[in-house]
Amino acid sequence: SQTIHQWPATLVQPVGSPLSLECTVEGTSNPNLYWYRQAAGRGLQLLFYSVGIGQISSEVPQNLSASRPQDRQFILSSKKLLLSDSGFYLCAWETGSTGTEAFFGQGTRLTVV
Amino acid sequence: GQSLEQPSEVTAVEGAIVQINCTYQTSGFYGLSWYQQHDGGAPTFLSYNALDGLEETGRFSSFLSRSDSYGYLLLQELQMKDSASYFCAVREYNQGGKLIFGQGTELSVKP
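Q: Explanation requested: the sheet that holds strand β1 (residues 3-7) of chain A in the structure shown.
A: Strand pairing in a sheet is mediated by backbone hydrogen bonds. Such pairs are either parallel or antiparallel. Residues and elements named next belong to chain A. Taken together, four strands build an open sheet; the order of strands is β1-β3-β8-β7 and the sheet is antiparallel. Strands with a single pairing partner mark the edges of an open sheet, and in this sheet they are β1 and β7 (65-70). Between one strand axis and the next, the sheet turns through 20 degrees on average, direction left out of account. Summarising the sheet, strand β3 (residues 19-26) and strand β8 (residues 73-78) pair through six bridges and their orientation is antiparallel. Note on β8: the bridge partner recorded for T24 is Q73.

Dropping the structure here:
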């Protein structure tokens, strides 16, 4: 069966520090991968979308970047965090662009102080 | 581009029926999905409509009208555990099939 792992669950980082959040998927190959961010009480903002290794589209101008070094690994990074980067970060995968269901990791709650 | 609109909050009582509407504007459209998210948790898939009509899964049903760019999620026999946020999401042709979410509807079920 397929599983998705996302870590850490919570993170408190000072302004100006770097960030690396990792997401891995097991039990499937060539998944589409997503990073979303959710502010408190708000919707899911799509940050990055990847259909394959090295193929990443950035959805909004921001202080973040993403990489997909392996087929089932998706990494969200920042060189210098801003206060506005605080939020709930969710990784998700699906089996294709016309698939009916996306599966989410448990999320990382990032607080930038 | 795309936009989705859904009510920000809905309140209902246990045992009642509630309908959460979603209107969307897209250029090219695969289908409409619904997800549930409990506070602090991960969103989980509820339903998907690719064709017009009603899809039923237990107490939850979802409806789509492509001509009206409109859909809804119907929750019957509400239970306290149904208190959560509900998101509609679309997948578009010209966005590479990316899954785009609405802002969510917070459902509060009262005893």
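Next comes the rest of the account.
Q: I would appreciate a short explanation of the interface of chain B and chain A in the present structure.
A: Accessible area lost during the coming together of the parts is what is often quoted as the interface size. With 20 residues of chain B at the interface, the matching set in chain A holds 24 residues. Each partner contributes to the roughly 1700 Å² buried at the junction of chain B and chain A, and carbon and sulfur atoms together form 54% of this total. Three residues, B:R91, B:K98 and B:F101, lead the burial of chain B against chain A; their summed loss comes to 28% of the area buried on that side. Applying the counting rule to chain B against chain A returns two salt bridges. At the surface where chain B touches chain A, the tally comes to eight residue pairs in polar contact (both at pLDDT 80 or more).

Q: Would you explain the packing of aromatic side chains in this entry?
A: Applying the stated rule across the entire model yields 14 aromatic pairs over all chains. Taking 4.8 Å as the distance between ring centres and 20 degrees as the angle between the ring planes, the aromatic pair formed by A:W93 and A:F103 counts as stacked. Here A:F103 lies in strand β10 (residues 103-104) and A:W93 lies in strand β9 (residues 87-94), a separation of ten residues in the sequence. Given the relative accessible area of 2%, A:W93 is considered buried. Residue A:F103 is classed as partly exposed on the basis of its relative accessible area of 32%. Note on B:F63 and B:Y72: the rings are 4.9 Å apart at their centroids and 20 degrees apart in plane angle, and the pair reads as stacked. For B:F63, a relative accessible area of 23% translates into the label partly exposed. Given the relative accessible area of 16%, B:Y72 is considered buried. Members of the aromatic cluster, each reached through a chain of ring pairs, are A:Y34, A:Y36, A:Y49, A:F104, B:Y35, B:F45, B:F87 and B:F101. Of note, A:R109 hangs over the ring of A:F88, and the distance from its end group to the ring centre comes to 4.3 Å.

Procedures and definitions
- Positions within a chain are numbered from 1, following the residues in the order the chain's sequence is written.
- Working convention: letters from A go to chains and numbers from 1 go to ligands, in the order in which they are written.
- For a predicted model such as this one, the threshold for reporting local features is a pLDDT of at least 70, and the threshold for listing and counting side-chain atom pairs is 80 or more; totals across whole chains, interfaces and linings nevertheless cover every residue.
- Only heavy atoms go into the side-chain values, all of them from the structure, while hydrogens and water stay out.
- Between any two strands, at least two bridges found by DSSP are needed for them to pair.
- Elements are defined by DSSP. Helices are runs of H or I of four residues or more, strands are runs of E of two residues or more, and each kind is numbered from the N terminus.
- Axes, fitted as lines to C-alpha atoms, cover a helix only where it is in contact. Angles between the N-to-C directions of the axes lie from 0 to 180 degrees.
- Contacts between residues were defined by any pair of non-hydrogen atoms, one from each residue, lying within 4.5 Å.
- As used here, buried area is the combined drop in accessible area, with a 1.4 Å probe, of two parts when they are placed together.
- Any carboxyl oxygen of Asp or Glu within 4 Å of a side-chain nitrogen of Lys or Arg constitutes a salt bridge here.
- Identification of polar contacts relies on pairs of N or O atoms within 3.5 Å, with a donor-acceptor requirement for protein atoms, meaning one able to donate a hydrogen and the other able to accept it, and with residues adjacent in sequence counted only if both atoms are side-chain atoms.
- In this analysis, rings of Phe, Tyr and Trp, with Trp reduced to its six-membered ring, are considered paired at centre separations within 6.5 Å, and the interplanar angle assigns stacked below 30 degrees, edge-to-face beyond 60, and tilted for intermediate values.
- Throughout this description, buried means an accessible area under 20% of the type-specific maximum (1.4 Å probe, protein chains only), exposed means over 50%, and partly exposed covers the range between.
- Sitting over a ring, as applied to charges here, requires NZ of Lys or CZ of Arg to be within 6 Å of the ring centre and within 35 degrees of the ring normal.

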